[in-house]
Amino acid sequence: MANYIVGDIQGCVAELHQLLKLADFTPEQDTLWLAGDLVARGPNSLETLRFIQGLGDSAKAVLGNHDLHLLAVAQGIHPVKSKDKTLAIFEADDADELLDWVRHLPLLVEHPEFVVTHAGISPQWDLATARASAQEVEQLLRSPKFPWLLANMYANTPDLWDTNLQGIERYRYIINTFTRMRFCFSDGRLDMACKLPPAQVPTENLMPWFALPQRIQLEKTVLFGHWAALEGYADEQVIGLDTGCVWGGPLTMLRWEDKQYFQQPALGKKF
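Because the structure is predicted, anything quoted here is derived from the model rather than measured.

Visitor: Before we move on, could you go through the sheet that holds strand β2 (residues 31-34) and cite the residues and values that matter?
Guide: In spatial order, the strands read β3-β2-β1-β12-β13; together these five strands make up an open sheet with mixed pairing. The strands lining the two open edges of the sheet, one partner per strand, are β3 (59-61) and β13 (260-264). In this sheet, adjacent strand axes meet at a mean angle of 20 degrees when their direction is disregarded. In this structure, strand β12 (residues 251-255) lies alongside β13, joined through five bridges in antiparallel fashion. Looking across to β13, one finds that Met253 is bridged to Phe262.

If you want it as structure tokens, here you go:
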């Protein structure tokens, strides 16, 4: 039995199939962990959702920012954008079933040795706080209040964690941390504007969330996606797996047990 963790799919299901074949993934005995952004800019978001849902307990996926946006579009909060290539989902006979499945996905999933989220874990959080914060938002998403949450999640503030945060400001910080975070300022505040590779950032006051000196050290490795410009990253505490398949890069997957990486080059032009 092996555990495979893969970066952002974004509708690139053909590459996912090839990658799983390359790694000899067997759903009857292996587990596939997915770091969010299952849908969006790639060509086959509908097929991606159907395939991952069909894996049942053999797949453990988390919500990414594009997955949350999909739910917001389904609620009429935002229109369908042609560049997102998700219209087929809403027109499908099983649309309601698939969207309900997405709505019940978590923000954080755990293995005894690692955790998976889409963007990372706030440098101000220990693992217990991360778990509790994820559960707060997950419970709202699974409640009748989920349209309210989706309608009010679109903002960049607050940018600093405070245990006294309440209501939508608290939920928004949690969502932004789990699904949108890349850089932090040196004081721990989130920066939601910069998407560059760290080497191209023009100021020392901005650094990757995982490089903040005061970041609380966790007892498990954090695996994440979201940040294609990193082109993959690994140290003893965090592993970034988004290598931008939807942008023409490879799709990357890690087998946890022996730390072997598998990559599938992008198949054709995505845009």
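Now that the structure has been shown, the text picks up again.
Visitor: Give a description of the layout of surface pockets that names residues and reports values.
Guide: The computed volume of the largest pocket comes to approximately 750 Å³. Lining the largest pocket are 31 residues; nearest its centre among them are Arg41, Asn65, His66, Lys195 and His226. Of all the elements in the fold, those that place two or more residues in the lining of the largest pocket are α3 (65-74) and α8 (167-179). A total of four residues in the lining of the largest pocket trace back to one element, the largest contributor, which is α3. A class-by-class count of the residues in the lining of the largest pocket yields twelve nonpolar, nine polar and ten charged.

Visitor: An account of the state of the cysteines is needed here, citing residue identities and associated values.
Guide: If you walk through the whole model with that rule in mind, you get zero disulfides. Cys184 takes part in no disulfide bond, and the closest cysteine sulfur, belonging to Cys194, lies 12 Å away. In this structure Cys194 comes out as buried when scored by relative accessible area, which is 13%.

Visitor: Give me the lowdown on the pairing of β2, citing residues and values where you can.
Guide: Because side chains alternate across β2, one face comprises the buried residues Thr31 and Trp33, and the other comprises Leu32 and Leu34, equally buried. Looking at chain direction, strand β1 (residues 3-6) and β2 are connected through four bridges and run parallel. Looking across to β2, one finds that Val6 is bridged to Leu34. Handedness of the crossover is the feature at issue here: the chain leaves β1, passes through helix α1 (residues 13-22), returns alongside β2, and the resulting connection is right-handed. The sheet contact formed by β2 and β3 spans three bridges and is parallel. Note that in β3 the partner of Leu32 across the bridge is Ala59. For the crossover from β2 across helix α2 (residues 45-54) to β3, the handedness is right-handed.

Thresholds, definitions, all that
- Residues numbered from 1 in each chain as written.
- Predicted model: local features only at pLDDT ≥ 70, side-chain atom pairs only at ≥ 80, totals over all residues.
- Heavy atoms only, no water.
- Pairing = 2+ DSSP bridges.
- Helix = DSSP H or I, 4+ residues; strand = E, 2+ residues; numbered from the N terminus.
- Axes fitted to C-alpha atoms, helices over the stretch in contact; angles between N-to-C directions.
- 1 Å grid on protein atoms, 1.4 Å probe; cavity = no way out; pocket = protein on both sides within 12 Å on 5 of 7 lines; lining within 4 Å.
- Points joined across faces, edges and corners; volume = space filled by probe spheres on them.
- Nonpolar A, V, L, I, M, F, W, Y, C, P; charged D, E, K, R; others polar.
- Disulfide = S-S within 2.5 Å.
- Buried < 20%, exposed > 50% of the residue type's maximum accessible area, 1.4 Å probe, protein only.
- Right-handed = clockwise from strand over helix to strand, strands pointing away.

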